[in-house]
Amino acid sequence: MTSTDVRTDAEDSGPSGYAAARLRLLQEGAQSGPPRRSALAELTDDWLTGLFGAGHSEPRGVSLVAVGGYGRGELSPRSDLDLLLLHDGSDDEAVAALADRIWYPVWDLGLALDHSVRTPAEARKTAGEDLKVQLGLLDARHIAGDLGLTAGLRTSVLADWRNQAPKRLPELQELCAERAERQGELQYLLEPDLKEARGGLRDATALRAVAASWLADAPREGLADARRRLLDARDALHLTTGRATDRLALQEQDQVAAELGLLDADTLLRQVYEAARVISYASDVTWREVGRVLRSRAVRPRLRSMLGGGKPVPERSPLAEGVVEQDGEVVLARAAKPDRDPVLPLRAAAAAAQAGLPLSLHAVRRLAAAARPLPTPWPAEAREQLVTLLGSGRPTVDVWEALEAEGLITHLLPDWERVRCRPQRNAVHIWTVDRHLIETAVQASEMTRRVHRPDLLLVAALLHDIGKGWPGDHSVAGEIIARDVAARIGFDREDVAVLATLVRHHLLLVDTATRRDLEDPATVRSVADAVGSPGTLELLHALTESDALATGPAAWSSWRASLVSELVQRVDALFAGDVPEEPEPAAPTAEQERLSIEAFRTGGPVLSLRARPDDAVVAEEKGEKADPEPLGVELLIAVPDQPGVLPAVAGVLAMHRLTVRTAELRTFDLPDGVEGSVLLLNWRVAAEYGSLPQAARLRSDLVRALDGSLDIAGRLAERDAAYPRRRGSVAPPPRVTVAAAASRHATVIEVRAQDAPGLLHRIGRALEDAHVRVRSAHVSTLGANAVDAFYVTGPKGTPLPSDEAASVARKLEETLRG
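Please read these numbers as outputs of a predicted model, since none were measured by experiment.

(A) Region of the structure containing the overall build of the chain. Helix and strand content of the chain: 31 helices and 15 strands. When the 818 residues of the chain are sorted by exposure, 51% land in the buried category. Considering only contacts within the chain whose residues lie at least 6 apart along the sequence, 71% involve residues at least 24 apart. Total accessible area on the chain is roughly 37,300 Å²; 50% of this is exposed by carbon and sulfur atoms.

(B) Region of the structure containing the packing of helix α19 (residues 474–488) against helix α20 (residues 493–504). Where α19 contacts α20, the axes come no closer than 8 Å and their chain directions differ by 155 degrees. When the axes of α19 and α20 are compared, the pair comes out roughly antiparallel. In this structure, the crossing between α19 and α20 has a hand that is right-handed. For the pair formed by α19 and α20, the contact residues are S475, V476, G478, E479, A482, R483, A486 and A487 on the first element and V496, A497, L499, A500, V503 and R504 on the second. Of the residues that constitute the contact of α19 with α20, the class distribution is nine nonpolar, two polar and three charged.

(C) Up close: the sheet that holds strand β5 (residues 316–320). Strand order in the open sheet formed by three strands is β5-β6-β7, and the pairing between neighbours is antiparallel. Edge positions in the sheet fall to β5 and β7 (329–332), since each of these pairs with one other strand and no more. Along the sheet, successive strands turn relative to each other by an average axial angle of 40 degrees, direction set aside. As judged from the four bridges shared by β5 and strand β6 (residues 323–326), these two strands associate in the antiparallel manner. Bridged to R316 within β6 is Q326.

(D) Local environment of the nonpolar core. Core analysis: the largest hydrophobic core is formed by 92 residues, its most contacted members being L359, W378, W400, L413 and W416. Beyond its immediate chain neighbours, meaning those up to four positions away, L413 contacts W378, W400, L462, V485 and I489. Among the nonpolar cores identified, the runner-up in size contains 50 residues, and L635, I637, V649 and M655 belong to it.

(E) Spatial organisation of α19. Helix length check: α19 (15 residues) gives 20 Å between terminal C-alpha atoms against 21 Å at 1.5 Å per residue, within 8%. Regarding α19, the residues found buried are H474, S475, A477, G478, I481, A482, V485, A486 and R488. In the core, the buried residues of α19 are packed alongside α16 (408–412), α18 (454–463) and α20. Downstream of α19 by one or two residues, G490 has phi in the positive range, about 105 degrees.

(F) Quick look at the pairing of strand β9 (residues 633–640). For β9, the tally of buried residues reaches eight of eight residues, placing the bulk of the element in the interior. Of the two faces of β9, both are covered, the one formed by V633, L635, I637 and V639 as well as the one formed by E634, L636, A638 and P640. Pairing analysis gives five bridges linking strand β8 (residues 606–610) to β9, with the strands arranged antiparallel. Bridging across to β9, R610 finds its partner in E634.

(G) View of a negative patch on the surface. Among the surface-exposed residues, D88, D91, D92, E93 and E122 lie close enough to one another that they form a single negatively charged patch. Within the secondary structure, E93 sits in helix α4 (residues 92–108). Its relative accessible area of 71% is what places E93 among the exposed residues.

(H) Layout of the pairing of strand β13 (residues 747–754). Counting buried residues in β13 gives six out of eight residues, a clear majority hidden from the surface. Direction of pairing for strand β12 (residues 735–739) relative to β13: antiparallel, over a ladder of five bridges. Within the sheet, the bridge partner assigned to V736 lies in β13 and is V751. By the bridge criterion, eight bridges tie β13 to strand β15 (residues 785–793) in an arrangement that is antiparallel. Counterpart to Q754 in the pairing with β15 is N785.

(I) Focus on the packing of aromatic side chains. The tally for this structure, following the rule as stated, stands at four aromatic pairs. Pairing Y18 with W47 gives two aromatic rings, centres 4.2 Å apart and planes at 5 degrees, and the pair type is stacked. Taken as a pair, Y18 in helix α1 (residues 3–27) and W47 in helix α2 (residues 34–53) lie far apart in primary sequence, 29 residues in all. We note that Y18, like W47, is buried. Measuring from ring centre to ring centre gives 5.2 Å for Y104 and W107, while their planes differ by 85 degrees; the resulting arrangement is edge-to-face. One end of the pair, Y104, and the other, W107, are both in helix α4, three residues apart, so they sit about a helical turn from each other. A relative accessible area of 45% places Y104 in the partly exposed class. The ring centre of W431 lies 4.2 Å from the NZ or CZ of R435, which sits over that ring.

(J) Highlighting the environment of A353. Tracing the backbone shows A353 in helix α12 (residues 344–355). By relative accessible area, which is 2% here, A353 ends up buried. A353 sits 37 residues away from L390 along the chain, and the two C-alpha atoms are 8.7 Å apart.

(K) Looking closely at unusual backbone geometry. Here T376 and P377 are connected by a cis peptide whose omega angle stands at -5 degrees. Its place among the elements puts P377 in the loop between α13 (361–370) and α14 (380–390). Despite not being glycine, C421 has its phi angle at roughly 60 degrees, a positive value. Counting through the fold element by element, C421 comes out in the loop between α16 and α17 (433–445). When its relative accessible area of 0% is taken as the criterion, C421 is described as buried.

(L) Up close: helix α30 (residues 759–769). Residues L759, L760, H761, I763, G764, A766 and L767 constitute the buried set of α30. Directly beyond the C-terminal end of α30, a positive phi value near 60 degrees is found at H771.

(M) Molecular detail of the sheet that holds strand β2 (residues 81–87). If you walk across this open sheet you meet the four strands as β3-β2-β1-β4, and the pairing is mixed. A single partner strand is all that each edge strand has here, and the edge strands are β3 (113–118) and β4 (141–145). Each strand of the sheet is rotated relative to its neighbour by a mean of 25 degrees, with strand direction disregarded. The strands touched by α2 are β1 (62–66), β2 and β4; relative to β4, the strand with the most contacts, the crossing angle is about 35 degrees. Together, β2 and β3 form the strand contacts of helix α5 (residues 120–129), whose direction differs from that of β3 by roughly 120 degrees.

About the thresholds
- Residues numbered from 1 in each chain as written.
- Predicted model: local features only at pLDDT ≥ 70, side-chain atom pairs only at ≥ 80, totals over all residues.
- Heavy atoms only, no water.
- Helix = DSSP H or I, 4+ residues; strand = E, 2+ residues; numbered from the N terminus.
- Buried < 20%, exposed > 50% of the residue type's maximum accessible area, 1.4 Å probe, protein only.
- Contact = heavy atoms within 4.5 Å.
- Areas by Shrake-Rupley, 256 points an atom, 1.4 Å probe, with all protein chains shown as cover.
- Axes fitted to C-alpha atoms, helices over the stretch in contact; angles between N-to-C directions.
- Parallel < 35°, antiparallel > 145°, perpendicular 65-115°, else oblique.
- Left-handed = near helix turned anticlockwise from the far one by under 90°.
- Nonpolar A, V, L, I, M, F, W, Y, C, P; charged D, E, K, R; others polar.
- Pairing = 2+ DSSP bridges.
- Core = buried A, V, L, I, M, F, W, Y, C linked by side-chain atoms within 4.5 Å.
- Expected span 1.5 Å × (residues − 1).
- Patch = residues over 30% accessible without salt bridge, like charges linked within 9 Å, V, L, I, M, F, W, Y side chains within 5 Å.
- Salt bridge = Lys/Arg side-chain N within 4 Å of Asp/Glu carboxyl O.
- Lys, Arg positive; Asp, Glu negative; His and termini not counted.
- Charge placed at Lys NZ, Arg CZ, Asp CG, Glu CD.
- Phe/Tyr/Trp six-rings, centres within 6.5 Å; stacked < 30°, edge-to-face > 60°.
- Lys NZ or Arg CZ within 6 Å of the ring centre and 35° of its normal.

Quick look at the structure:
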């Protein structure tokens, strides 16, 4: 059935015919994208035209006008109908009856309607007061009635817009900025709003409005295609959900991808991000041009009077060879020869970033059009300019995006293509892979005074996640790519080896510090063996911090920083020849001894809380931002040695919403002449919400947990049921492994699972059932993921045999999956 046939059916059958024809059109698998949107708009036009006449003589001095998206002839399956009933004011009763004749059938079909009834004067007045109304009227399109009335309104609205542009465009820019602040950037969000987020359909509409002002125009290349891709994604979203929504929720992305014929949700997101990036960059360029034009208009009359009416000559200030500043932008010098100077793109970018200025669109396009491949290896100047660009701090981001918009980054670094716009489905990461790499370089630029080779730090920051575009472990793949890239850009063999080591082990310090016993010499030796030298350790420390700070607020904290610093100090000491000895069991402190004796005397648990100053209060007093993951407080517990202590304590802490950072367990032998022993637990905890519970309340619940009168599992299950988790992507199953050769004194079992209240309680109970003793636990939470390491021994205090360790890990994994 053709769209003409569909329209004819709608005309013949009235509203019910329109509904059936509309449904058939939306179900036609062969027709999608712009043709379907256009056909749906034409079908709706014909139906509304019929309603406008509806057996009556066509009223005079009245017209039906489509505005907004409908005015542009673009109707998505669940789009609102934006309609204006325009009249000359001669017969208000007839207009009211006509409005009822049109609006009610639309409502009866369940279609969303945004409607108004106005005279041309009222429409112009409302547009002058409400910018959103004016933007809608810029796309006004005649549907039925008095064509002259519609044409007159269009002419006057466009004239008003152009006359008022110097005032209205800054208002529109502010509106776009406020919306971006509220909705975020479309090109980085895991659940983006295709319309409202920065780089979305609203911004594309704003660019049309700027072009209509004749004051400036957006770079057109790729813009129409980017807008089409977002509209196609919204159409598919409407069809798969059956709702008028613009938010691409996680649970709907696979269906939307299938509707669009794409491989998977990641392919969909990458396509959406690429479109958003085009629109965002076009917006940046356009608003910069609007500002330049408005500034020149304000200054020009004064300059003309000073120069006797002559045209002012723009001032050009040299920045580097072939690069100058002009009117607040970086442009190419008149004598520049980009076709003969392959280093010019990097030189211009470095100069712009160092000056904190944008690269002009014309300059970037000229560089891209004339780009020549750099020789292999790169000349020293090219490498130095890349390092300078990466070390320029925050301005690097905008300059890098300008180069990337015209394909210059992938021209210089072909491996970049695989990480470009690549989503990261991880609650910890707030950026796509490519933007994360640049953000890491920005963070690393602030640490260049800490290291002896800042160039290696900056390049490692740029490359550390480059392997995420390849299958398998991204650190392993990244090491291979880093070797190739480092050699190609001109580093010598030793520097290439250092960069490869940094990329391969960029997660080593934070993983080891948060999941291993730093007192164990095997931990320190394993890191030293992997890193190889003090200089590389220094660089890796700075890269670790830069990477974490560029990841998101959940990835770094004073707690993680302190653990990493302690590990680095220990490894540094080993490099200096201070070989760690096997640690002797530390003598109990006076506080531990007191608690142990009291626990033995009373036959029950005794505890103390050593609170630190509240981090938020301290930060506020200093005028600083509070640490998202404070160090917490020390919780000491002494319990007569008995089974079930670890799961009991973990369960009680979970009930009181205390997050566990670390846990150490040891047996305290009572003084000579006293038979028995006490289990000492040293925990580092932090309150999930609000303040810490009272120690007496903790002790009371712990007593009940140990004697079996407190149903911890039931209480945690009730709380979980009362606050159901948000529907979204299904978490991957838990994984439990045995870390090989991680310690000489214990077997290290690693648990990776979805974080949940009572997870540590469940793990402790499973380990208890396996008849192993937990010496210490190192707990780390990254977003929704828990990554915990448990040092366990057999009943005699020795590491488990390999087959027994594997069995314990397997049973623990089965328990967590069940």
